[in-house]
Amino acid sequence: MTKLLEVREISKYYVHKDGWMPGKRICALEPLSFDLERGETLAIMGETGSGKSTIAKIIAGAERPSSGELFLNGQALSAMTDQQRCRYVRMIFQDSLRSLNPQITVGQQLTEPLIFNTDWTPEKQKQHVYETLSKVGLLPDHYGFYPHMLSSGQQQRVCIARAIVLEPQIVMADEAFVALDPSIRAQIINLILDLQQDMGISFIFVSHSAEIVKHVSDKILIMHRGSMIEFGTTQALINHPEEQLTKTLLHSEHNYKVPLHSTTKE
Ligand SMILES: Nc1ncnc2c1ncn2[C@@H]1O[C@H](COP(=O)(O)OP(=O)(O)O)[C@@H](O)[C@H]1O
Ligand SMILES: [Mg+2]
């Protein structure tokens, strides 16, 4: 069976322009490779500036790698149209709440991806949006609400609904839940675990919280200054970390104490 995601030797350079001086090449990502199976959850950890967001953006197709290739279900990402890629991979951004359009209703925000990416009739689109609202724990009434009428937890649910409305195989979240207060964050993470079970979605998420990472992920990728220094199953990295940084990141307990439900993958 083909793997869901194969990352092969991807690297990323940025050119920093400094006035009239020739651009300085900054290596954001040294060539790295890893695989992800269907339904698996991958956590990416590392210090600020280590390349975590760069990996997330490349997988989501928002940035092109400088070299290397990614395969989704055996198909090269670079050979796909935006429309094809949208149906496979969706991203929940760091400032996801601000990414909601204040001018249009929740129902309209969720219908937009369906208009652009499917040939469904308006009735089918509407029905699918209602089903998606219910999957993320919102009510049919929320269809007509504007974002400002919702609590921050409900707005986050809309962001998740928008990410899953096209039934993707991978959802990426780049530190998307940092701003939420701990009890809402726990609800959102439990919602993601439920969606994963119901829809078989793979999650790739960037997080600093050892507690959340241990609770949610099957595999962990550790970044340090643009290089992948460790990659393995959550259990292996907790029990037999090879790198000091892995130990530090996974055992730091400045983390949030959140009441998560008891499906821990340790
Ligand atoms: N658009 C960009 N232009 C230039 N440099 C960038 C850009 N995006 C990221 N970088 C640089 O690449 C490195 C990795 O950044 P990033 O992937 O955002 O790290 P992280 O998410 O781990 O904090 C950093 O040194 C950052 O300054
Ligand atoms: Mg980042």
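Here goes a summary of the coordinates provided. (Residues numbered from 1 in each chain as written. Chains lettered and ligands numbered in written order. Predicted model: local features only at pLDDT ≥ 70, side-chain atom pairs only at ≥ 80, totals over all residues. Heavy atoms only, no water.)

**Regarding the environment of Tyr 14**
So, point 1. Here Tyr 14 is to be found in strand 1 (residues 5-18).
So, point 2. Note on Tyr 14: relative accessible area 25%, which makes it partly exposed.
So, point 3. Through-space distance from the C-alpha of Tyr 14 to that of Arg 25 is 5.7 Å; in sequence the pair is 11 residues apart.
So, point 4. Discounting chain neighbours no more than four positions away, the residues touching Tyr 14 are Lys 24, Arg 25, Ile 26, Ala 28, Thr 54 and Glu 63.
So, point 5. Within the local environment of Tyr 14, its side chain forms a polar contact with the side chain of Glu 63, the two groups lying 3.4 Å apart. (Helix = DSSP H or I, 4+ residues; strand = E, 2+ residues; numbered from the N terminus. Buried < 20%, exposed > 50% of the residue type's maximum accessible area, 1.4 Å probe, protein only. Contact = heavy atoms within 4.5 Å. Polar contact = N/O pair within 3.5 Å; in protein donor to acceptor, adjacent residues only side chain to side chain.)

**Quick look at the sheet that holds strand 5 (residues 75-76)**
So, point 1. Read from one edge to the other, the open sheet built from four strands follows the order 2-1-4-5, with strand pairing classed as antiparallel. Each having just a single partner strand, strand 2 (21-36) and strand 5 make up the two edges of the open sheet.
So, point 2. With two bridges joining them, strand 4 (residues 67-72) and strand 5 adopt antiparallel strand pairing. In the sheet register, Leu 72 faces strand 5, and the bridge partner there is Gln 75.
So, point 3. Of the strands in this sheet, strand 1, strand 2 and strand 4 touch helix 1 (residues 52-60), which is tilted by about 70° from strand 2. (Pairing = 2+ DSSP bridges. Axes fitted to C-alpha atoms, helices over the stretch in contact; angles between N-to-C directions.)

**Topic: the packing of aromatic side chains**
So, point 1. This structure, assessed with the given rule, holds two aromatic pairs.
So, point 2. Taken together, a centroid distance of 5.5 Å and an interplanar angle of 40° make the contact between Phe 34 and Phe 231 tilted. Residue Phe 34 is found in strand 2, and its partner Phe 231 is found in strand 10 (residues 227-233); the two are separated by 197 residues along the sequence.
So, point 3. Looking at Phe 34, the relative accessible area reads 3%, which means it is buried.
So, point 4. By relative accessible area, Phe 231 is classed as partly exposed at 29%.
So, point 5. The ring of Tyr 13 has Arg 25 sitting right over it, with the charged end atom 4.0 Å from the ring centre.
So, point 6. Here Lys 124 stacks its cationic end above the ring of Trp 120, 4.3 Å away from the centre of that ring. (Phe/Tyr/Trp six-rings, centres within 6.5 Å; stacked < 30°, edge-to-face > 60°. Lys NZ or Arg CZ within 6 Å of the ring centre and 35° of its normal.)

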